[in-house]
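Summary of the model geometry
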Amino acid sequence: MRTHRPLAVVTAVAVTALTACGGVHGTPGGSGVRDPYFPKAGNGGYDVTHYDLDLAYDPARHRLTGTATVTARATEDLSAFDLDLKGLDVGAVTVDGRAARFNRAGQELTVRPPNDLDDGDAFRVAVRYSGAPETITDPDGSEEGWLRTDDGALALGQPVGSMAWFPGNHHPSDKATYTITVTVPEGLRAVSNGEPAGERTARGRTTATWRTTEPMASYLATVAVGDWRVTRSRTKDGLPVHTAVDPTQAAASENVLKRIPEVVAWAEDLFGPYPFSSVGAIVDRPTDVGYALETQTRPVFPGAPDTVLLVHELAHQWYGDSVTPKTWRDMWLNEGFATYAEWLWQEDHGGDTAQEIFDALYAGRYFAGTAANEAVWAFPPADPPDAAHLTAAPVYQRGAMVLHKIRQRAGDTAFRALLRGWATDHRHANADTGDFTAYVEKRLPDEDLTEVWEDWLRGDGRPDRP
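Summarised in this report is the structure supplied together with it. Remember, it's a predicted structure, so these values are computed and weren't measured experimentally.

Per the secondary structure count, the protein includes 10 helices and 23 strands. Seen along its three principal axes, the alpha-carbon backbone of the protein occupies a region of about 70 × 55 × 40 Å. Buried positions account for 58% of the 466 residues belonging to the protein. Only carbon and sulfur atoms are counted for the fraction: they give 47% of the accessible area of the protein, which is about 17800 Å². Distance from the positive charge centre (44 side chains) to the negative charge centre (65 side chains) of the protein: 5 Å.

Have a look at this one:
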């Protein structure tokens, strides 16, 4: 959700242009996967299985040094392949322990392995890099990448900001597991996704390791460096809960963060078993980040959230984090589901029903201003006009309205089974709008959903209400 909201540096190998040579049987992997909104994001020719990131950050100097070891498998014969990396200086690259030639062009780090890779080959590329990580301004005006904060830094990646702090295949279609180790000055702490795997302090520096054992899209990875108050507990079912809160937000956050187990239990009843091995939150100062984000297992909040925002970001753990879009065109599958989760929470906890919220949106009286109400109908949720509108109202509110129209056709029992089944059948996978419409039609074979798809999901303007 976007709501307004030191390592030793080895001697660099020679940087040379990567050109074909005699005996080459493979071709360079694609520099980008042709996403409709971010065509340069991601890379072709391989699939990443694991990232091992060893980082050190000095906030006073704003300097990041790191070694990223990327384990992958070739999906075609490769003479070269690309990694996404914006800014930062590359000192050396190896492939399977042997020095590799490389060059830079924009956000592309092109690597030529010593020997061509065959389709199906597993390989490991290690990149040593350093520099001042960048803050990226998105087309919608929000900031991501590496955000400097009053006491450290916060790394956020939706949609492409992760390339500002580690090289990788930065598109949601390529998910992987992660080990992230971060060294910071003593007195600060580093928090990331997944589960803690050790923390030690020596010679004025503290090093923490975090492991994510379920697949994660790179835009959901985070590193938060600061003076955190870290708490660890468990739900009644034994699920670990890890929270990191800026001291200035501790008092205001206490009560809502205590509701994490309650929200997870409620969501499991609707959406199925929680898809990850831990849950929690990172609460930073409002001045440090301008929006909440569903970073996997550990959503980030700009100050103390209210319960409805907590529900939204935790619902994303099913819809967006576990079931991840194939392209950024499918953003409504993240935000429409998480917004509808808000409606269901309010309906189940004495607030407005989902039907009442739907009616208010349709009538143009949900938001305080006319412009905000009209913005809901600016474009179809399944077809944002450009990257600047991926986080606009139709993706959220009208996306939720699509789900409510399905609920009206299906009835409550079948609809709740559909919500649960979609999350279960696509657990830890990628899906697009076509997958979703086909799934719904299969689960509701006796319903004609043409109006829902043509008018509400893909149609322009406010549909006529039957």
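Moving on to the packing of helix α4 (residues 332–348) against helix α7 (residues 393–410). One can describe the packing of α4 onto α7 by two numbers: an axis separation of 7 Å at closest approach and a directional angle of 65°. By the angle class used here, α4 and α7 are roughly perpendicular. Seen along the crossing, α4 lies across α7 with a hand that is right-handed. Counting all contacts with α4, which are made through Trp332, Glu335, Gly336, Phe337, Thr339, Tyr340, Trp343, Leu344 and Glu347, the residues of α7 involved are Val395, Tyr396, Gln397, Gly399, Ala400, Met401, Val402, Leu403, His404 and Arg407. Along the lines of polarity and charge, the residues of the contact of α4 with α7 split into 11 nonpolar, 5 polar and 3 charged.

The complete set of buried residues in helix α5 (residues 354–363) reads Ala354, Ile357, Phe358, Ala360, Leu361 and Tyr362. Here the buried face of α5 lies against α4, α7 and α10 (450–457). Of the residues one or two after α5, Gly364 is the one with positive phi, at around 80°.

What follows concerns the sheet that holds strand β7 (residues 101–105). Spatially, β1-β4-β8-β7 is the arrangement adopted by the 4 strands of the open sheet, whose pairing is mixed. The open sheet is flanked by β1 (27–28) and β7, the only strands paired with a single partner. When strand β4 (residues 78–84) meets strand β8 (residues 108–112), the two strands line up antiparallel, connected through 4 bridges. Within β8, the residue paired with Asp82 across the bridge is Thr110.

In a structure, side chains of opposite charge can pair up when their charged atoms sit close to one another. Enumeration according to the criterion identifies 12 salt bridges in this entry. Put simply, Arg416 and Asp348 hold a salt bridge, and the shortest N to O gap is 3.7 Å. Linking Arg416 in helix α8 (residues 412–425) with Asp348 in helix α4, this pair joins segments that are 68 residues apart in sequence. Residue Arg416 is classed as partly exposed on the basis of its relative accessible area, which comes to 29%. What emerges from the salt-bridge pattern is a single network uniting Asp150, Asp246 and Arg285.

The rules behind the values
- Residues numbered from 1 in each chain as written.
- Predicted model: local features only at pLDDT ≥ 70, side-chain atom pairs only at ≥ 80, totals over all residues.
- Heavy atoms only, no water.
- Helix = DSSP H or I, 4+ residues; strand = E, 2+ residues; numbered from the N terminus.
- Buried < 20%, exposed > 50% of the residue type's maximum accessible area, 1.4 Å probe, protein only.
- Areas by Shrake-Rupley, 256 points an atom, 1.4 Å probe, with all protein chains shown as cover.
- Lys, Arg positive; Asp, Glu negative; His and termini not counted.
- Charge placed at Lys NZ, Arg CZ, Asp CG, Glu CD.
- Axes fitted to C-alpha atoms, helices over the stretch in contact; angles between N-to-C directions.
- Parallel < 35°, antiparallel > 145°, perpendicular 65-115°, else oblique.
- Left-handed = near helix turned anticlockwise from the far one by under 90°.
- Contact = heavy atoms within 4.5 Å.
- Nonpolar A, V, L, I, M, F, W, Y, C, P; charged D, E, K, R; others polar.
- Pairing = 2+ DSSP bridges.
- Salt bridge = Lys/Arg side-chain N within 4 Å of Asp/Glu carboxyl O.

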